Amino acid sequence: VEMLKVGDLLPEYHFTNQLGKAVSLSDFKGQALAIDFIFTTCPFPTMCPRLSHNFSDAQKNLKGMPNAPTNWQLLTISFDPETDTVPVLKNYAEQHNYDPQHWSFLTGDLMEITTIASQFGQTFWRENGSISHNVRLVIIDANGQVQKIIPENKWTSDELVEEILKAGQAN
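Since the structure is predicted, the reported quantities are computational estimates derived from the model, not experimental observations.

### Overview of helix 3 (residues 110-119)
(1) Moving on: Every buried residue of helix 3 is accounted for by I113, I116, A117 and Q119. Summarising the axial view, the buried residues of helix 3 lie within an arc of 160 degrees, below the 170-degree limit, and thus occupy one face.
(2) Moving on: Residues of helix 3 that are buried in the fold lie against strand 1 (14-17), strand 3 (32-38), strand 4 (72-78), strand 5 (103-107) and strand 6 (124-127).
(3) Moving on: For helix 3, the N-terminal cap is D109; the gap from its side-chain oxygen to the backbone nitrogen of M111 is 3.1 Å.
(4) Moving on: G121 sits one or two residues past helix 3 and shows a positive phi near 85 degrees.

### Re the pattern of salt bridges
(1) Moving on: The full count for this structure, using the stated rule, is six salt bridges.
(2) Moving on: Across the pair D99 and K63 runs a salt bridge whose closest N-O atoms are separated by 2.8 Å. Of this pair, D99 sits in the loop between helix 2 (86-95) and strand 5 while K63 is found in helix 1 (residues 48-64), placing the two residues 36 residues apart along the sequence.
(3) Moving on: Take K63: its relative accessible area is 48%, and that puts it in the partly exposed class.
(4) Moving on: A salt bridge links K90 to E94, with the nearest nitrogen and oxygen atoms 2.5 Å apart. Of this pair, K90 and E94 both sit in helix 2, four residues apart, which is roughly one turn of the helix.
(5) Moving on: One network of salt bridges, with partners in common, ties together K148, E163 and K166.

### What about the pairing of strand 8 (residues 137-140)?
(1) Moving on: Of the two faces of strand 8, the one lined by L137 and I139 and the one lined by V138 and I140 are each fully buried.
(2) Moving on: By the bridge criterion, four bridges tie strand 8 to strand 9 (residues 146-150) in an arrangement that is antiparallel. Residue pairing across strands places L137 opposite I150, the latter belonging to strand 9.
(3) Moving on: Counting the residues in the hairpin turn of strand 8 and strand 9 gives five residues, including G144, whose phi is positive at 85 degrees.

So, how was this worked out
- Residues numbered from 1 in each chain as written.
- Predicted model: local features only at pLDDT ≥ 70, side-chain atom pairs only at ≥ 80, totals over all residues.
- Heavy atoms only, no water.
- Buried < 20%, exposed > 50% of the residue type's maximum accessible area, 1.4 Å probe, protein only.
- Helix = DSSP H or I, 4+ residues; strand = E, 2+ residues; numbered from the N terminus.
- Arc of directions from axis to C-beta.
- Contact = heavy atoms within 4.5 Å.
- Polar contact = N/O pair within 3.5 Å; in protein donor to acceptor, adjacent residues only side chain to side chain.
- Salt bridge = Lys/Arg side-chain N within 4 Å of Asp/Glu carboxyl O.
- Pairing = 2+ DSSP bridges.

Structure representation (structure tokens):
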């Protein structure tokens, strides 16, 4: 799998969202995207739960901004499609106060998930009955180009909002 870098176009991928609807990445054309990868049963508060909390805060901040742009979408992709079924993702989304207009929780074919994750350097593997993984936050601008890949979980919701605002202004 070829690694994507800043400036590359986001390839097309197909998923199913938390509402059971088929979703293609091209559905979000013209929108700034923030993409993270999680699994809902992650036991470590500084990993997947932190990412979801930061997405929730960023969503709240963006929606609360006066004159805020509306061309943004948060995409949370599960790398445990066996466990993270549509109902599980919907429940998880609701626990994080998601707005389905701006935040999608995606599942799908493990090969497709593995391929998009690998393109950003996101890895995951089964180990001792659980899943181990690294972290990637990906920002895609409104032109569909990779704007930034953050290889850690130390980013804040404010930094995410700033990146999304920049990404939404691309043309």
